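Chain by chain, the residues run as shown.
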Amino acid sequence: MAGRPAAAPQPAPRRSFDCARVLEKARLQLQEEVRQLSSQLLEERKKREMQEALARRLQKRVLLLTKERDGMRAILGSYDSELTPAEYSPQLTRRMREAEDMVQKVHAHSSEMEAQLSQALEELGGQKQRADMLEMELKMLKSQAGPAEQSFLFSREEVSSLRLKVEELEGERSRLEEEKKVLETQLERLTLQGDYDQSRTKVLHLSLNPAGAARQRLHEDRQQLREECERLRELVRALEAGGAVPTDLEAAAGLPSSREVAELKKQVESAELKNQRLKEVFQTKIQEFRKVCYTLTGYQVDITTENQYRLTSMYAERKTDCLIFKAAGPSGTKMQLLETEFSRTATVQELIGLHLLRQASIPAFLGALTLDLFSRQTVA
């Protein structure tokens, strides 16, 4: 048996991996720039909102000052209309000067507020323009990141296909190594059995060959067995015919006498009766053992097929609610839970995940399931 030559695993192209790393690095850089621009855009928007709020407050303040100025002018005008020129006094003149000074101050303050308002509006326009520029840059970066991510996805698909190919080559190499080991084992076995290469080895035949003597003995033994088979066939034909067995055949076959045959029949009947009683006792004990197990553990155990056991709880809501375990391992020490309709329920899945997958304890799982079913019946 000649093994196939081991196919050398093809090296995966490194260029695709380098391209994938470069694209991944570029994608991370673009994501970092997009994140920074997004944070800057949020900060600029907050500043713009603050400037807008400040502008609204300044506008309200200018409006209030304008109303206050108009009110003071109206008061002074009414006061002047009520008094005659002769009633003017130096005190009134002083108060008028104070009022005019106050009006001038209000005018100056109003001019200052208007200047601040115009400055705030200019800053607000600059912030809006900067925010628009940041949004445009963000859109451009997103549009540039789209093709990069798409090419990265393509390279990732290529990397996945290359990984699959490497795994296939690894599997092929493992299979060829197994075949090589099998061939070496067969070659060693053939060498131990006496096989040799005729082109390299010269065989010497002895005059007193032990193999020839063994073949002669085998031929003689075969001839004796044929003669004995022929005598036994004649004996069978005589027994089937119901006649007397010839003396030479009886002696050759070594048949027992009729008395010995009767005693043997009695022993066989006694043994069969004993076996029947043992079967009945075993059946009774087995039923008793099953009842005791059902009473103590709360589960009825039935053998469905070979190495499969069905467990039904005494607190089950339906007769079809059961668990099926399969014995695995060399001596059946490991048990595997097979999927059933009852095992797919949410409660049982939680218990399986806790006690079987995490704790690896079948008794704990069965005990927890018994408590859950018992609590349901108790609540009901």
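Preceding block: the structure.
Let me sum up the structure you'll find in this document. For every chain, the first residue of the written sequence is number 1, and numbering continues from 1 along that sequence. For a predicted model such as this one, the threshold for reporting local features is a pLDDT of at least 70, and the threshold for listing and counting side-chain atom pairs is 80 or more; totals across whole chains, interfaces and linings nevertheless cover every residue. Each side-chain value is derived from all of the structure's non-hydrogen atoms; neither hydrogens nor water enter the calculation.

## With respect to the side chain of D321
Reasoning step 1: Of note, D321 is situated in the loop between β2 (308–313) and β3 (323–328).
Reasoning step 2: Each residue is assigned to one of three classes by its accessible area relative to the maximum for its type, calculated with a 1.4 Å probe on protein chains only: buried under 20%, partly exposed between the two thresholds, exposed over 50%. Assessed through its relative accessible area of 7%, D321 is described here as buried. Segments assigned H or I by DSSP are reported as helices when at least four residues long, segments assigned E as strands when at least two residues long, and all are numbered from the N terminus.

## Examining empty space enclosed by the protein
Reasoning step 1: Two kinds of site are reported from a 1 Å grid over the protein atoms alone, namely cavities, where a 1.4 Å probe fits but cannot get out, and pockets, open sets with protein on both sides within 12 Å along at least five of seven lines, and residues are called lining when an atom falls within 4 Å of a point. Grid points are joined across faces, edges and corners, and a volume is the space filled by probe spheres set on the points. This structure, assessed with the given rule, holds two cavities of 30 Å³ or more.
Reasoning step 2: Estimated volume of the largest cavity: approximately 40 Å³.
Reasoning step 3: Broken down by secondary-structure element, the contributors of at least two residues to the lining of the largest cavity are β2 and α7 (362–379).
Reasoning step 4: Broken down by element, the lining of the largest cavity gets its largest block of residues, three residues, from β2.
Reasoning step 5: When its residues are assigned to classes, the lining of the largest cavity shows eight nonpolar, two polar and one charged. In this classification, the charged set is Asp, Glu, Lys and Arg, the nonpolar set is Ala, Val, Leu, Ile, Met, Phe, Trp, Tyr, Cys and Pro, and all remaining amino acids, among them Gly, are polar.

## With respect to unusual backbone geometry
Reasoning step 1: Residue N307 is not a glycine yet carries a positive backbone phi of 65°.
Reasoning step 2: Mapping N307 onto the fold places it in the loop between β1 (299–303) and β2.
Reasoning step 3: Owing to a relative accessible area of 39%, N307 belongs among the partly exposed residues under this scheme.
Reasoning step 4: Residues other than glycine seldom take positive phi values, yet A360 does so here, at roughly 55°.
Reasoning step 5: Locating A360 in the fold gives a position in the loop between α6 (346–358) and α7.
Reasoning step 6: For A360, a relative accessible area of 62% gives the class exposed.

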